[in-house]
Amino acid sequence: MEVWPAIDIRQGRCVRLRQGDFSQEKVYSEEPERMAWHWVSQGARRLHLVDLDGAAKGEPVNLEAIEKILQMVDVPCQLGGGIRDQIWIERLLQLGVRRLVIGTSAAENPQWFTQMAYQFPGRLVLGIDARDGWVAVAGWQRTTRIPALELAQQFAHLPLGGIVYTDIAADGMLTGPNVEAMAAMRAAVPLPVIASGGITTLQDVEQLAAAGLAGCIIGRALYENCLTLQDAMLAAGELMPP
């Protein structure tokens, strides 16, 4: 299973939120590119970037920080947050982002998302953020009546890079992931599923790997030193024991 250290960017800084709540923000670095370098120096093979301002606004905002990260590190980066039209898809891919996570536009404009998936095969990832099993959109500000599993199955036939499935209730809370929900998503679709939200301990990582998840995104637990990146990669089976 792949381990993806998370770098969430707000107002040009590396931060973490609790359950996506902008009022519950903790700043970890004024220079996100330095944090990206830190994780890569610790052995990270890929990074998960989120433009929090972009998710709320509906278009990418923190381009300067994203560009600096791409210039600083030489590992694949995937980016989510406010990517809702073809112009931004093309611009960000040209910038050097490996994959783009799209959530709101997939839920609200499935025909467009289907077209984009075929136009950019393997470069788009379906982002599903769920609150009590229902899809949340617009930076988690609005909850739809679309079941998360139903949305995933709707797009399961597309040439996507995978699905990033986030359990909002667990995100940033250090309470453990919703392994049952992640396993259900994994069983529901043939696409690779990356788990996000609440991953705190090595046991969490081991359980997700055992459930067949293709990857896991770890944020707050790494920043708060609940576990090390090396240990997480060992637990995921991404590294072999010395």
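Above: the structure in question.
Throughout what follows, the structure given in this document is the object of discussion. (Residues numbered from 1 in each chain as written. Predicted model: local features only at pLDDT ≥ 70, side-chain atom pairs only at ≥ 80, totals over all residues. Heavy atoms only, no water.)

### Details of the overall build of the chain
Broken down by element type, the chain carries 11 helices and 12 strands. Whereas a compact globule of 242 residues would reach a radius of gyration of roughly 18 Å, the chain reaches 16 Å, a difference of no more than 12%. A principal-axis box enclosing the C-alpha atoms of the chain has dimensions of 45 × 40 × 35 Å. Within the chain, buried positions represent 56% of all 242 residues. Residue pairs in contact within the chain that sit at least 24 positions apart in sequence constitute 66% of those at least 6 positions apart. Split by element, the accessible area of the chain, about 10,200 Å² in all, is 47% carbon and sulfur. One way to put it: in the chain the 20 positive side-chain charges average out to a point 1 Å from where the 27 negative ones average out. (Helix = DSSP H or I, 4+ residues; strand = E, 2+ residues; numbered from the N terminus. Rg over C-alpha atoms; globule rule 2.2 N^0.38 Å. Buried < 20%, exposed > 50% of the residue type's maximum accessible area, 1.4 Å probe, protein only. Contact = heavy atoms within 4.5 Å. Areas by Shrake-Rupley, 256 points an atom, 1.4 Å probe, with all protein chains shown as cover. Lys, Arg positive; Asp, Glu negative; His and termini not counted. Charge placed at Lys NZ, Arg CZ, Asp CG, Glu CD.)

### Remarks on the packing of aromatic side chains
Within the structure shown, the criterion is met by 3 aromatic pairs. Residues Phe113 and Phe155 carry aromatic rings whose centres are separated by 5.0 Å and whose planes lie at 70 degrees to one another, so their mutual orientation is edge-to-face. Of this pair, Phe113 sits in helix α6 (residues 110–119) while Phe155 sits in the loop between α7 (148–154) and β10 (162–167), placing them 42 residues apart in sequence. A residue is classified by how much of its surface remains accessible, and Phe155, at 0% relative accessible area, is buried. (Phe/Tyr/Trp six-rings, centres within 6.5 Å; stacked < 30°, edge-to-face > 60°.)

### Re the environment of Leu95
Examined against the element boundaries, Leu95 turns out to sit in helix α4 (residues 86–95). Spatially, the C-alpha atoms of Leu95 and Arg84 are 17 Å apart, while their sequence positions differ by 11 residues.

### So, the environment of Ala211
Of note, Ala211 is situated in the loop between α9 (202–210) and β12 (215–218). Sequence spacing of Ala211 and Ala187 is 24 residues, and the spatial spacing of their C-alpha atoms is 9.2 Å.

### Description of helix α1 (residues 32–41)
What sets the pattern is the α-helix's 3.6 residues per turn: residues three or four places apart point alike. Buried within α1 we find Pro32, Glu33, Met35, Ala36, Trp39 and Val40. For α1, the buried positions fall inside an angular range of 160 degrees around the axis, keeping them on one side. Within two residues after α1, Gly43 carries a phi angle of roughly 115 degrees, on the positive side. (Arc of directions from axis to C-beta.)

Nothing here speaks to function; it is geometry throughout.
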